Amino acid sequence: MARYELVKRSVALITLTNPPVNALSSPVRHAIAKSMERALSDPKVTAVVICGENGRFCGGADIREFAGPLRGPPLIPVLDAIEAGRKPVVAAIEGVALGGGFELALVCHYRIAHSKARLGLPEVTLGILPAAGGSQRLPRLIGIPAALELITTGRHISAQEALKLGIVDQVTDQNACEMAVEFALKSVGKPLSSRRVSMLTTPCPPDLDALLEAATMQVKKKARGVMAPLACIQAVRAAATMPFSKGMKRESELMTTLFNSGQAQAFQYCFFAQRTAGKWTLPSGAQWNNSKPREIRSAAVIGLGTMGRGIVVSLARVGISVIAVESEKKLLENGRQMVIGMLERDAKRRGVSASLNLLNFTLSLQDLKDVDLVIEAVFEDMALKKRVFQELSKVCRPTTLLCTNTSGLDVDALAGVTNRPHLVAGMHFFSPAHVMKLLEVVCGPRSSSETIATAMSLGKKMGKVSVAVGNCPGFVGNRMLKPYLDQATFLLEEGATPEQIDKALEDFGFAMGVFRMSDLAGLDVGWRVRKESGLTGPDVDSKNPPRRRQGHRYCPIPDMVCEQGRFGQKTGRGWYMYDKPGDTNAKPDPLIQNLLETYRSRYGIQPRNISDQEIIERCLFVLANEGFRILEDGMAARPEDIDVIYLFGYAFPRHRGGPMFYVSMVGLERVLERLEYYHQAHPDVPHLEPSALLKKLVACGSPPVQKWREYIKTMHSHL
Ligand SMILES: CCCCCCCC/C=C\C=C\CC(=O)SCCNC(=O)CCNC(=O)[C@H](O)C(C)(C)COP(=O)(O)OP(=O)(O)OC[C@H]1O[C@@H](n2cnc3c(N)ncnc32)[C@H](O)[C@@H]1OP(=O)(O)O
């Protein structure tokens, strides 16, 4: 777990050896402690260098250990012994020094970093704070403002930025370990007291209170209801106002509170869920580690609407040449200008040059003969998409992969019109596609493992979190969204207002409630889908019987809002009113209030007081209930995949872990009982009926979410 060797006759080289990231697991902590003891007591040793195997210094504490009781030596005394030692210790930082790894570097007397190394204290993103002295040492080393920013955001910084901030002493393009050994030899005999960061006095700005207050306001606004950033601020305050030993005590108290809050578990679950989601499987036995993706050098995107433009940008900025296709000259020109503007702004932000030379624009599908992969992003109309796929089938070489960005149509039906159904898959991006991290990779029954491997790997290359899902209407994300949206509108019928529902969801942790979010996305999109599915429109007899469609309860209020030309922010009116079209400041609209009152009296609905608890339970339990059905149907391989989809595609609050993790924390028994209660009250809403899987899990003693997979027996697994 750590290798000890003597180099240059007098330098003890301690190499952490815990692949893949040299995390500070119990055996590693033990090995560091033993190696340091040996180095400090060996008279031949004059200096020590600590580095990590395989070009990675250290990825921090072993996060998996947080789930159980602490075993092995605690980290803090190990670190204190390094700092207090009488021989100079140099950290040779290659790859990453994160969290506890960064804290390890901070107790070394000198830090040498490779120019490509990245450093940071990402604990806040795991719902905790740097609790091995990081929150106390970093402010002493670089001052309060800079430390506050790094600790509350968890941002990784480059070696160059670390040098500028005074975190590292030297940056090198050469072997950091060899440089550190040379550096260590030169440090022998120099006084160490000023190199012990815990002994430094924190440079304290005169406006400390104002600074901390501003930081508090900022994190409260950015991460509603999240405890960790607030605890980080309190820890930094301790670094500014207390001696080191007292600050360490405060750091530890804050850490204990966070550890027991439940939020830390949710964040840490998210960390592993995100990594688990990349490990896809297909019923054929093909999976992430036995299927080879193809390399994609060139791609085409058909349709330059909002989605198509974002997809072009996502591809071009990772060096893939793109042919963008539109059907009319004006649309093509408009699309070209938008894409170029987006790429230029993106490049400016990242400090690189825009890869405009990778772009080609055309009106003709004939130009797609030689591309490796096509992503179709035309209007959401099956007949149109089928025509495009038939045409592509004729034009593209037989090995070209054909993907669709449909948000819910049958991918296999599209595969069926081509001469290569095995090379067809869905690549469902989320809007705006160059910003949103989620990609649902839709595996049709005929998609080959190579096709799925390629789509997943292309997603990763574009910086997306890709999740493999089965081919069913709405796939995973949008399939679950429908019952959630339905509940929100049923609650309107029953007496709630858009403001009340939004506030309950925002207090739960969503950045935006469902109605505010719908106004942002545009209400016309859902209206068009409802018309196409025969739920509304001139051909539907809305009065006979009222408030029912296709055998189930239906709320026509969203249609009535659209009929008034209220499509959300873009028209300046939606569920809320805005000062002008395009404004984002949502204000309650008396006209909506009026519409709701008129509607209720027309249908003889007596409005009732609805509690926030009912709003949360009905909206979120029904969301998870559909998630259970998706697992039963084999359309998602595991609950982690569903949670990742909701975290990255629908901004589900991370400190709640995702809908499936959330209900597991509420307690499945309670969720079942509440769904039964609501279903009894609303028997015409089938989505409220508890799913068979939920009942089964409760009957089996409500196992933790990581174990649900063992209880899911799907007859027809699609993944
Ligand atoms: C009750 C009071 C308790 C008081 C305790 C007080 C004492 C506290 C002492 C110390 C506390 C320290 C806090 C920490 O250090 S928290 C950890 C901080 N570190 C991080 O957040 C880094 C997390 N990792 C990453 O960001 C990346 O993995 C990275 C290192 C950048 C590498 O990225 P990449 O190359 O893309 O690789 P993957 O992300 O796919 O990871 C590869 C596999 O490694 C696993 N992994 C990564 N980091 C860790 C880790 N820190 N612990 C455990 N496992 C880790 C990851 O899950 C992947 O695994 P697999 O291949 O199985 O999927």
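Residues numbered from 1 in each chain as written. Predicted model: local features only at pLDDT ≥ 70, side-chain atom pairs only at ≥ 80, totals over all residues. Heavy atoms only, no water.

Draft legend 1. Region of interest: the sheet that holds strand β8 (residues 157–158). With mixed pairing, the three strands of this open sheet are ordered in space as β5-β7-β8. Two strands lie at the open edges of the sheet, namely β5 (96–98) and β8, each paired on one side alone. Pairing geometry for β5 and strand β7 (residues 118–120), over three bridges, is parallel. Along β7, the bridge assignment pairs Leu98 with Gly120. (Pairing = 2+ DSSP bridges. Helix = DSSP H or I, 4+ residues; strand = E, 2+ residues; numbered from the N terminus.)

Draft legend 2. Spatial organisation of the site of the ligand. For the ligand, the set of nearby residues contains 25 residues, the closest of which are Arg56, Ala61, Gly100, Arg275 and Lys279. Note that a nitrogen atom of the ligand is positioned 2.8 Å from one of the backbone N or O atoms of Gly59. Within the contact set of the ligand, an oxygen atom lies 2.7 Å away from a side-chain nitrogen or oxygen of Arg275. In isolation the ligand has 1,200 Å² of accessible area, and contact with the protein removes 71% of it. Broken down by secondary-structure element, the contributors of at least two residues to the shell around the ligand are α3 (100–107), α10 (244–259) and α11 (263–277). Counting residues per element, the shell around the ligand draws most heavily on α11, which supplies three residues. (Near = heavy atom within 4 Å. Polar contact = N/O pair within 3.5 Å; in protein donor to acceptor, adjacent residues only side chain to side chain. Areas by Shrake-Rupley, 256 points an atom, 1.4 Å probe, with all protein chains shown as cover.)

Draft legend 3. Summary view of the UniProt feature "domain: 3-hydroxyacyl-CoA dehydrogenase C-terminal" (unreviewed entry) in the protein chain. In the numbering adopted here, UniProt assigns the feature "domain: 3-hydroxyacyl-CoA dehydrogenase C-terminal" (unreviewed entry) to residues 474–578 and 615–702. Between the end C-alpha atoms of residues 474–578 there is a gap of 31 Å, over a span that is 51% helix and 4% strand. With 68% helix and 0% strand, residues 615–702 has its two end C-alpha atoms placed 24 Å apart. (UniProt positions renumbered as here; feature names shortened; annotations may be inferred.)

Draft legend 4. Summary view of the state of the cysteines. Enumeration over the complete set of coordinates arrives at zero disulfides. With no disulfide of its own, Cys108 lies 11 Å from the sulfur of Cys51, the closest cysteine sulfur. (Disulfide = S-S within 2.5 Å.)

Draft legend 5. Up close: the UniProt feature "domain: 3-hydroxyacyl-CoA dehydrogenase NAD binding" (unreviewed entry) in the protein chain. Per the UniProt entry, the sites bearing "domain: 3-hydroxyacyl-CoA dehydrogenase NAD binding" (unreviewed entry) are residues 299–471 in this numbering. Taken end to end, residues 299–471 is 38% helix and 23% strand, and its first and last C-alpha atoms sit 23 Å apart.

Draft legend 6. Broad picture of the pairing of strand β12 (residues 359–362). As judged from the four bridges shared by strand β11 (residues 321–325) and β12, these two strands associate in the parallel manner. Bridging from a neighbouring strand, Ile323 pairs with Asn360 of β12. The β-α-β motif built from β11, the intervening helix α13 (residues 329–350) and the parallel element β12 has right-handed crossover chirality. (Right-handed = clockwise from strand over helix to strand, strands pointing away.)

Draft legend 7. Molecular detail of the environment of Pro581. By secondary structure assignment, the location of Pro581 is in the loop between α21 (557–563) and α22 (590–602). Among the residues examined, Pro581 registers a relative accessible area of 53% and is labelled exposed. Taking the C-alpha atoms as reference points, Pro581 and Gln265, 316 residues apart in sequence, are found 42 Å from one another. Contact partners of Pro581, with chain neighbours within four places excluded, come to Gln569, Lys570, Thr571 and Gly572. (Buried < 20%, exposed > 50% of the residue type's maximum accessible area, 1.4 Å probe, protein only. Contact = heavy atoms within 4.5 Å.)

Draft legend 8. Main features of the sheet that holds β11. Spatially, eight strands are ordered β12-β11-β10-β13-β14-β15-β16-β17 in an open sheet, and the strand pairing comes out mixed. The sheet is open, and its two edges are formed by β12 and β17 (465–470), each paired on a single side. Each strand axis lies, on average, 25 degrees off the axis of its neighbour in the sheet, ignoring direction. Alignment of strand β16 (residues 438–443) against β17, held across six bridges, turns out to be parallel. Across the sheet, the residue bridging to Leu439 is Ser466, located in β17. Against the sheet, helix α12 (residues 306–316) touches β10 (298–302), β11, β12, β13 (373–376) and β15 (424–429), its axis set at about 170 degrees to β10. With respect to the sheet, helix α16 (residues 449–461) is in contact with β13, β14 (401–404), β15, β16 and β17, its orientation differing from that of β16 by roughly 175 degrees. (Axes fitted to C-alpha atoms, helices over the stretch in contact; angles between N-to-C directions.)

Draft legend 9. Main features of the packing of helix α5 (residues 144–153) against helix α8 (residues 208–222). Where α5 meets α8, the closest approach of the two axes is 11 Å, and the angle between their N-to-C directions is 20 degrees. Taken together, the axes of α5 and α8 are roughly parallel relative to one another. As α5 packs across α8, the resulting crossing turns out to be right-handed. Within the contact between the two elements, α5 uses Ile144, Pro145, Leu148 and Thr152 and α8 uses Leu208, Leu211, Leu212, Ala215 and Val219. (Parallel < 35°, antiparallel > 145°, perpendicular 65-115°, else oblique. Left-handed = near helix turned anticlockwise from the far one by under 90°.)

Draft legend 10. Region of the structure containing the pattern of salt bridges. A complete count under the given rule lists 48 salt bridges for this structure. The salt bridge involving Arg237 is made with Asp209; its shortest N-O contact spans 3.1 Å. With Arg237 in helix α9 (residues 228–241) and Asp209 in helix α8, this residue pair connects regions lying 28 residues apart in the sequence. Residue Arg237 is classed as partly exposed on the basis of its relative accessible area of 34%. Here Asp209 falls in the exposed class, since its relative accessible area comes to 53%. Its salt-bridge partner being Arg547, residue Glu493 comes within 3.1 Å of it at the nearest N-O pair. A residue pair is termed long-range when its members are at least 10 positions apart, and Glu493 in helix α17 (residues 477–494) and Arg547 in the loop between α20 (523–532) and β18 (548–549) qualify at 54 residues. The structure contains a network of salt bridges with shared partners spanning Glu493, Glu494, Arg547, Arg553, Arg608, Glu614 and Arg618. (Salt bridge = Lys/Arg side-chain N within 4 Å of Asp/Glu carboxyl O.)

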